[in-house]
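# Analysis of the macromolecular model
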Amino acid sequence: MSYQVDEKGFYGEFGGAYVPEILYATVENLKKEYLKVIESEEFQKEYMALLRDYVGRPSPLYLAKRMSEKYGCQLYLKREDLNHTGAHKINNTIGQILLAKKMGKKRIIAETGAGQHGVATATVCALMDMPCVVYQGALDVERQHTNVERMKMLGAEIRPVTSGNCTLKDATNEAIRDWCCHPSDTFYIIGSTVGPHPYPDMVARLQSIISKEIKEQLVEKTGRDYPDYLMACVGGGSNAAGTIYHYIDDERVKIVLAEAGGLGVETGHTAATIHAGSLGILHGARTLVMQTADGQIIEAESISAGLDYPGIGPMHANLATQHRATVLSINDDEAVKAAYELTRLEGIIPALESAHALAALGKMNFRKEDVVVLTVSGRGDKDVETYLSHKEMAGEYGNF
Ligand SMILES: *Cc1c(COP(=O)(O)O)cnc(C)c1O
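This text gives an overview of the structure that appears in the document.

Thresholds applied
- Residues numbered from 1 in each chain as written.
- Predicted model: local features only at pLDDT ≥ 70, side-chain atom pairs only at ≥ 80, totals over all residues.
- Heavy atoms only, no water.
- 1 Å grid on protein atoms, 1.4 Å probe; cavity = no way out; pocket = protein on both sides within 12 Å on 5 of 7 lines; lining within 4 Å.
- Points joined across faces, edges and corners; volume = space filled by probe spheres on them.
- Helix = DSSP H or I, 4+ residues; strand = E, 2+ residues; numbered from the N terminus.
- Buried < 20%, exposed > 50% of the residue type's maximum accessible area, 1.4 Å probe, protein only.
- Pairing = 2+ DSSP bridges.
- Axes fitted to C-alpha atoms, helices over the stretch in contact; angles between N-to-C directions.
- Parallel < 35°, antiparallel > 145°, perpendicular 65-115°, else oblique.
- Left-handed = near helix turned anticlockwise from the far one by under 90°.
- Contact = heavy atoms within 4.5 Å.
- Nonpolar A, V, L, I, M, F, W, Y, C, P; charged D, E, K, R; others polar.
- Expected span 1.5 Å × (residues − 1).

Here we take up the layout of surface pockets. In this structure, the largest pocket occupies an estimated 250 Å³ of space. Gln-44, Arg-205, Ser-208, Lys-212 and His-246 are the residues nearest the centre of the largest pocket, which is lined by 13 residues in total. Elements represented by at least two residues in the lining of the largest pocket include exactly helix H2 (41–55), helix H9 (199–207) and helix H10 (209–222). By residue number, the principal contributor to the lining of the largest pocket is H2, which donates 4 residues.

Now for the pairing of strand E4 (residues 74–79). Every regular strand shows the same layout, with side chains that alternate between the two sheet faces. Counting buried residues in E4 gives 5 out of 6 residues, a clear majority hidden from the surface. As defined by bridge partners, E4 adjoins strand E14 (residues 371–376) across 6 bridges and the pair is classed as parallel. Residue pairing for E14: Lys-78 is matched across the bridge by Thr-375.

Turning to the packing of helix H5 (residues 116–128) against helix H7 (residues 145–153), a few remarks are in order. The description of two packed helices rests on the angle between their axes and on the distance between the axes. In contact at an axis separation of 9 Å, H5 and H7 are set at 15 degrees when each is read in the N-to-C sense. Classified by the interaxial angle, the pair formed by H5 and H7 is roughly parallel. The hand of the H5/H7 crossing is left-handed. Facing Gln-116, Gly-118, Val-119 and Ala-122 of H5, the residues of H7 in contact are Asn-147, Arg-150 and Met-151. The class makeup of the residues in the contact of H5 with H7 is 3 nonpolar, 3 polar and 1 charged.

Let us look at empty space enclosed by the protein. A full pass over the atoms with the stated rule returns 4 cavities of 30 Å³ or more. By volume, the largest cavity is sized at about 370 Å³. Contributing to the lining of the largest cavity are 30 residues, with Lys-89, Leu-168, Gly-191, Ser-192 and Gly-306 lying nearest its centre. When contributions to the lining of the largest cavity are tallied by element, the ones reaching two or more residues are strand E5 (107–112), H5, helix H8 (168–181), helix H11 (238–244) and helix H15 (352–360). Its residues assigned to classes, the lining of the largest cavity comprises 8 nonpolar, 18 polar and 4 charged. Here the second largest cavity defines a volume of roughly 50 Å³. Around the second largest cavity, the lining residues are Val-194, Gly-195, Leu-282, Ala-285, Thr-287, Tyr-309, Gly-311, Ile-312, Gly-313 and Pro-314.

This paragraph deals with the sheet that holds strand E7 (residues 157–161). Strand order in the open sheet made by the 4 strands is E7-E6-E5-E8, with parallel pairing throughout. Only two strands of the sheet have a single partner each, and these edge strands are E7 and strand E8 (186–188). On average, each strand axis in the sheet is inclined to that of its neighbour by 25 degrees, with strand direction left out of account. In this structure, E5 lies alongside strand E6 (residues 132–137), joined through 5 bridges in parallel fashion. Of the residues in E6, the one forming a bridge with Glu-111 is Tyr-135. With respect to the sheet, H8 is in contact with E5, E6, E7 and E8, its orientation differing from that of E5 by roughly 160 degrees.

Before going further, it helps to examine the side chain of Gln-144. Counting through the fold element by element, Gln-144 comes out in the loop between helix H6 (138–143) and H7. Residue Gln-144 is classed as buried on the basis of its relative accessible area, which comes to 3%.

Attention now goes to helix H14 (residues 332–346). In a regular helix each residue adds 1.5 Å, so 15 residues correspond to 21 Å; H14 covers 21 Å between its end C-alpha atoms and thus fits that length. For H14, every residue scored as buried is listed here: Asp-332, Ala-335, Val-336, Ala-338, Ala-339, Tyr-340, Glu-341, Leu-342, Leu-345 and Glu-346. Just downstream of H14 lies Gly-347, where phi reads positive at about 70 degrees.

Turning our attention to the environment of Gln-74. Among the secondary structure elements, Gln-74 is positioned in strand E4. Setting aside its immediate chain neighbours within four residues, Gln-74 contacts Leu-63, Ser-68, Lys-368, Glu-369, Asp-370, Val-371 and Val-372.

On to the packing of helix H4 (residues 89–102) against H5, then. Interaxial distance between H4 and H5 falls to 9 Å at its minimum, and their mutual angle equals 40 degrees. In terms of their interaxial angle, H4 and H5 are classed as oblique. With respect to the hand of their crossing, H4 and H5 are arranged in right-handed fashion. In this structure, H4 contributes Lys-89, Ile-90, Asn-92, Thr-93, Ile-94, Ile-97, Leu-98 and Lys-101 to the contact, and H5 contributes Gln-116, His-117, Ala-120, Thr-121, Thr-123, Val-124, Cys-125 and Met-128. Residue composition of the contact of H4 with H5, grouped by class: 8 nonpolar, 6 polar and 2 charged.

In structure tokens form, the structure reads like this:
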């Protein structure tokens with residue numbers, strides 16, 4: 001048995017492609033083409049060259065000494081925050097735009113939450129000279145203002161979405177609507193391991209460079225090519241999928257995922273889908289969804305725009321249900337405190353999303369010799385205003 005996708009596009013009972021009739025042929029065609037293209041020598045050559053020379057890979061694997069001391073383990077940080085555009089998202093957008101070009105598509109659309117995927121998409125569209133439309137919830141347009149300006153500067157058109165609670169789910173709805181109107185000439189670059197098959201598998205493969213590098217870097221640093229623990233935050237699940245990809249069926253490696261608890265799972269003001277969700281269909285996949293008894297989506301709530309989503313990728317829904325992964329719910333205040341802690345102990349300001357993974361460290365029981373690899377999915381430049389306005393959550397680190 002494997003935790004990877006099966007040939008029908010399912011992870012256990014999760015996944016599949018539940019799309020409107022009008023998108024059927026487009027999704028089928030993508031399903032037929034994606035592996036052929038991604039595994040071709042020509043694609044791999046272009047993709048790897050761009051990851052090296054444009055993104056700045058390999059990203060460092062850094063032994064965080066003061067944090068290791070504090071949490072009683074050997075903590076290595078996988079520094080996706082150092083990538084061009086500031087997060088792991090660019091690994092995926094470079095791959096998808098190369099695929100779009102090879103499939104003859106003329107126009108790119110994307111959804112974005114915090115704006116990191118929007119920026120990464122606008123960036124590769126500038127690079128490849130393709131028109132780009134980004135859908136973003138109106139609330140996120142407001143709270144992630146600098147990313148909006150970056151996308152505009154890069155030449156993308158931003159379309160603020162005012163339905164629902166004006167966040168990522170609503171932006172995704174609008175992007176899918178656009179795709180339905182232009183199924184033949186438009187390529188939809190999805191930013192996470194969500195959406196209809198083959199997207200979750202395609203995005204996981206394009207992010208799997210993270211664990212490929214971890215393997216090589218761990219040999220060099222510890223003499224062993226696997227860690228005891230892998231830790232990452234999950235919104236839709238792409239940085240986590242990349243982090244665990246080459247270890248997913250290796251039971252020596254424990255997987256710990258951190259989802260956004262918001263004000264707390266029990267308060268109902270939460271984005272912790274694996275804790276609070278039930279089986280449903282969202283954005284083309286069968287997965288865990290936060291919903292009412294009659295199937296209406298419950299709006300997600302998190303301080304972190306990148307995790308503010310009422311669904312979860314089918315890979316992670318399966319890992320959690322099968323108990324392959326331990327999933328912790330991290331509340332807003334715990335994430336903010338963890339971000340301040342990393343900033344003061346290691347001189348690294350992480351993205352609010354990544355801070356959820358960092359906060360999970362305090363809930364673990366490590367042995368001193370345990371090798372722990374935690375992915376810092378992005379940098380915190382976009383979140384500085386939020387950090388400053390929530391100083392009171394930072395405890396001892398907030399006195400300045
Ligand atoms: C988008 C984003 C996330 C959440 O998305 P995943 O697909 O779950 O990785 C996490 N961290 C950062 C920095 C992001 O930009």
